[in-house]
Amino acid sequence: MCGRFYIEIEESELREIAEEVEKTLSAYPEQITLKMNGEIFPTNTVPVQTGSNRYQPMKWGFTGFDSRPVINARSETVFQKPMFRESMGTRRCLIPAGGYYEWQKDGGQKIKHRFFVPGQSLYLAGCYRKEQGDNLPRFVILTRQAINGVAAIHDRMPVIVPKERRERWFHEVSVDFDYEMGGLVFESVG
């Protein structure tokens, strides 16, 4: 599960993406608050990659059947579920991030952990759609079974697309969601 991620604007790659998306905001009829730094919550609007060097602002979470946001999609069933099938076939995206958070249950307490690759941005796999009445598209983050080391904290994690696979992610017919993620570390943050 991925219920929060974060952006560190100090990373030059993420700063350049944020600046590029910020230039497009005047094209929207309403005022858009683009969250470009810090902890990202569901329903926040962030920069999202939709193709080779194409970025746009998007809101995190599809509107669910009960009007609550659906923020994640299980990679194992994403092509079968009606809510995600079309988006996965035609509207894939990557969500640039500094890392993501997971919570570990320890008795009655929850311990927050931050997962990241030192010195690198992560690109979380997702898909998006345009919803009726919204000017901005909405995205969900794909999740997968956790890799060793992460599984001790949480049984799910976001699908992280490595740099060498990012261009192919947008148009691959056969998708491998079990990318190797070298260098992923975590630390307790509270």
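Residues numbered from 1 in each chain as written. Predicted model: local features only at pLDDT ≥ 70, side-chain atom pairs only at ≥ 80, totals over all residues. Heavy atoms only, no water.

Trainee: Please clarify how empty space enclosed by the protein should be interpreted in this entry.
Mentor: Empty space among the atoms can be located by rolling a probe the size of a water molecule over them. What the rule picks out here adds up to one cavity of 30 Å³ or more. Counted as a void, the largest cavity has a volume near 40 Å³. The wall of the largest cavity is formed by Ile7, Leu14, Ile17, Ala18, Pro47 and Pro96. With three residues, the top contributor of residues to the lining of the largest cavity is helix α1 (residues 12-22). Its residues assigned to classes, the lining of the largest cavity comprises six nonpolar, no polar and no charged. (1 Å grid on protein atoms, 1.4 Å probe; cavity = no way out; pocket = protein on both sides within 12 Å on 5 of 7 lines; lining within 4 Å. Points joined across faces, edges and corners; volume = space filled by probe spheres on them. Helix = DSSP H or I, 4+ residues; strand = E, 2+ residues; numbered from the N terminus. Nonpolar A, V, L, I, M, F, W, Y, C, P; charged D, E, K, R; others polar.)

Trainee: Help me out: how do you make sense of the pattern of salt bridges in this one?
Mentor: By the definition in use, this model includes 12 salt bridges. Linking arginine 129 and glutamate 131 is a salt bridge whose minimum nitrogen-to-oxygen distance equals 3.0 Å. Taken as a pair, arginine 129 and glutamate 131 share a single burial class, namely buried. The partner of aspartate 134 in a salt bridge is arginine 138, and the shortest N-O contact between them spans 2.6 Å. On the basis of relative accessibility, which here comes to 11%, the residue arginine 138 falls in the buried class. When salt bridges that share partners are traced, they join Arg129, Glu131, Asp134 and Arg138 into one network. (Salt bridge = Lys/Arg side-chain N within 4 Å of Asp/Glu carboxyl O. Buried < 20%, exposed > 50% of the residue type's maximum accessible area, 1.4 Å probe, protein only.)

Trainee: Got a minute to help me understand α1 in this structure?
Mentor: Each α-helix winds once per 3.6 residues, and so residues spaced three or four apart point in a common direction. Among all positions of α1, only Leu14, Ile17, Ala18 and Val21 are buried. Buried residues in α1, looked at end-on, bunch into an arc of 100°, giving them a common side. Close packing links the buried residues of α1 with β1 (4-7), β3 (45-51), β4 (54-60), β8 (92-97) and β11 (122-129). (Arc of directions from axis to C-beta. Contact = heavy atoms within 4.5 Å.)

Trainee: Could you clarify how one ought to interpret the packing of aromatic side chains in this entry?
Mentor: The relative placement of two aromatic rings is captured by the distance of their centres and the angle of their planes. This structure, assessed with the given rule, holds seven aromatic pairs. Consider the rings of phenylalanine 62 and phenylalanine 84, whose centres lie 5.8 Å apart with planes at 35°: the pair is tilted. Remark: phenylalanine 84 occurs in the loop between β7 (72-74) and α2 (85-90) and phenylalanine 62 occurs in strand β5 (residues 62-63); sequence separation between them is 22 residues. Each member of the pair, phenylalanine 62 as well as phenylalanine 84, is classed as buried. Seen from their ring centres, tyrosine 101 and tryptophan 103 are 6.5 Å apart, and the 45° between their planes marks the pair as tilted. Joined through ring pairs, the aromatic side chains of Phe5, Trp60 and Phe139 make up one cluster. Positioned above the aromatic ring of tryptophan 169 is the side chain of arginine 92, whose terminal nitrogen or guanidinium carbon lies 5.3 Å from the ring centre. (Phe/Tyr/Trp six-rings, centres within 6.5 Å; stacked < 30°, edge-to-face > 60°. Lys NZ or Arg CZ within 6 Å of the ring centre and 35° of its normal.)

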